[in-house]
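# Per-entry structural report
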Amino acid sequence: MSYLALTVGAVLVNNFVLSRFLGICPFLGVSKRVATAMGMSGAVIGVMTIASGITTAIYRYLLRISLNGVNYDLTFLQVLIFILIIAALVQVIEIMMQKLSPALYQALGIYLPLITTNCAVLGAATICVKDNLNVLQSMVFGCFSGVGFALALLLFASLREKLELASPPEAFKGTPIALVTAGILAMAFVGFAGLC
């Protein structure tokens, strides 16, 4: 698989939020301000990149091993190990963010530790294994999947900031107008479907 197809596919064609509909919780929860969306985007890109590479290496070299001529298939532990790796990475990023940017840490609140259970991060790691990508391809896929997540999040956050200045009908104020906007944004990304 070419790296160009991996990157374009991850960012536009198979965008985790707008095409695969994974990672919706932080997408809706952190998208009220562009500044917090940027912080979350950086954290997700970092976690997705590193987690995709590490989980692929563990899956290839530790979960399917051969010792003394006996093959051991430990792939049934895949989800558990992947979640543990993602949780450890999120803890490291959370500690770094708390020290380096306390204001952003406070703004992200509960959504930062929730990256651990963000199905987009686990989805990226699982797709890398399912598609039999090597470690470098997995990291590229994870990075650009995170970039696609960030693109969707930043577009949505900027639209939500503009919507605060608008006066929609009373029934659409708040969450309903956000969901309608997310749906229209997802429909726009359908146009990229034939790109790869």
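Just above, that's the structure.
Report follows, based on the coordinates. (Residues numbered from 1 in each chain as written. Predicted model: local features only at pLDDT ≥ 70, side-chain atom pairs only at ≥ 80, totals over all residues. Heavy atoms only, no water.)

Next up on the list: the overall build of the protein. Per the secondary structure count, the protein includes 8 helices and 2 strands. What you see in the protein, going N to C, is helices and strands ordered as α-α-α-β-β-α-α-α-α-α. Expected size for 196 residues packed as a compact globule is a radius of gyration near 16 Å; at 18 Å, the protein falls within 12% of this value. Over its C-alpha atoms, taken along the principal directions, the protein stretches across nearly 70 × 45 × 25 Å. Relative to its full complement of 196 residues, the protein shows a buried share of 41%. Intrachain contacts of the protein at a sequence separation of at least 6 include 78% that bridge at least 24 residues. A total of about 10100 Å² of accessible surface is found on the protein, and carbon and sulfur atoms cover 70% of it. Taking the 10 positively charged and 6 negatively charged side chains of the protein as two groups, their mean positions are separated by 3 Å. (Helix = DSSP H or I, 4+ residues; strand = E, 2+ residues; numbered from the N terminus. Rg over C-alpha atoms; globule rule 2.2 N^0.38 Å. Buried < 20%, exposed > 50% of the residue type's maximum accessible area, 1.4 Å probe, protein only. Contact = heavy atoms within 4.5 Å. Areas by Shrake-Rupley, 256 points an atom, 1.4 Å probe, with all protein chains shown as cover. Lys, Arg positive; Asp, Glu negative; His and termini not counted. Charge placed at Lys NZ, Arg CZ, Asp CG, Glu CD.)

What follows concerns the pairing of strand S1 (residues 64-67). Regular strands have side chains that alternate between both faces of the sheet. As paired strands, S1 and strand S2 (residues 70-73) are joined by 4 bridges and run antiparallel to one another. Its bridge partner being in S2, Arg64 is matched across the sheet by Asp73. (Pairing = 2+ DSSP bridges.)

Summed over the entire model, instances satisfying the criterion amount to 3 aromatic pairs. Summarising the aromatic geometry, the rings of Phe16 and Phe141 are spaced 6.3 Å apart at their centres and angled 65 degrees between planes, so their arrangement reads as edge-to-face. Placement of the pair is Phe16 in the loop between helix H1 (3-13) and helix H2 (24-29) and Phe141 in helix H7 (residues 135-163), with a sequence separation of 125 residues. On the basis of relative accessibility, which here comes to 0%, the residue Phe16 falls in the buried class. Phe141 gets classed as buried once you look at its relative accessible area, which sits at 7%. Ring plane angle 70 degrees and centroid distance 5.4 Å describe the contact between Phe189 and Phe192, whose orientation is recorded as edge-to-face. Exposure remark for Phe189: the relative accessible area of 5% places this residue in the buried category. According to the relative accessible area criterion, Phe192 is partly exposed, its value standing at 28%. (Phe/Tyr/Trp six-rings, centres within 6.5 Å; stacked < 30°, edge-to-face > 60°.)

Right, let's get into the pattern of salt bridges. Counting across every chain of the model gives 3 salt bridges. When the shortest N-O distance is used, the salt bridge between Asp131 and Lys130 registers 3.1 Å. For Asp131, a relative accessible area of 34% corresponds to the partly exposed category. On the accessibility criterion, Lys130 (63% relative accessible area) is exposed. As a salt-bridge pair, Glu170 and Lys173 come within 3.4 Å of each other at their nearest N and O atoms. (Salt bridge = Lys/Arg side-chain N within 4 Å of Asp/Glu carboxyl O.)

With that out of the way, let us pick up the nonpolar core. Core analysis: the biggest nonpolar cluster contains 48 residues, and Leu18, Phe27, Met97, Ile115 and Phe141 have the highest contact counts within it. Among the elements of the structure, H1, helix H3 (34-61), helix H4 (78-100), helix H5 (102-108), helix H6 (119-130), H7 and helix H8 (175-189) are those that each provide at least two residues to this core. A per-element tally of this core places H3 first, with 9 residues. Beyond its immediate chain neighbours, meaning those up to four positions away, Phe27 contacts Val17, Leu18, Ala152, Leu153, Phe156 and Ala182. (Core = buried A, V, L, I, M, F, W, Y, C linked by side-chain atoms within 4.5 Å.)

It is worth spelling out the side chain of Thr55 at this point. With respect to the helices and strands, Thr55 occurs in helix H3. A distance of 2.6 Å separates the side chain of Thr55 from the backbone oxygen of Ala51, its partner in a polar contact. The contacts of Thr55, once residues within four sequence positions are left out, are Phe82, Ile85 and Ala125. (Polar contact = N/O pair within 3.5 Å; in protein donor to acceptor, adjacent residues only side chain to side chain.)

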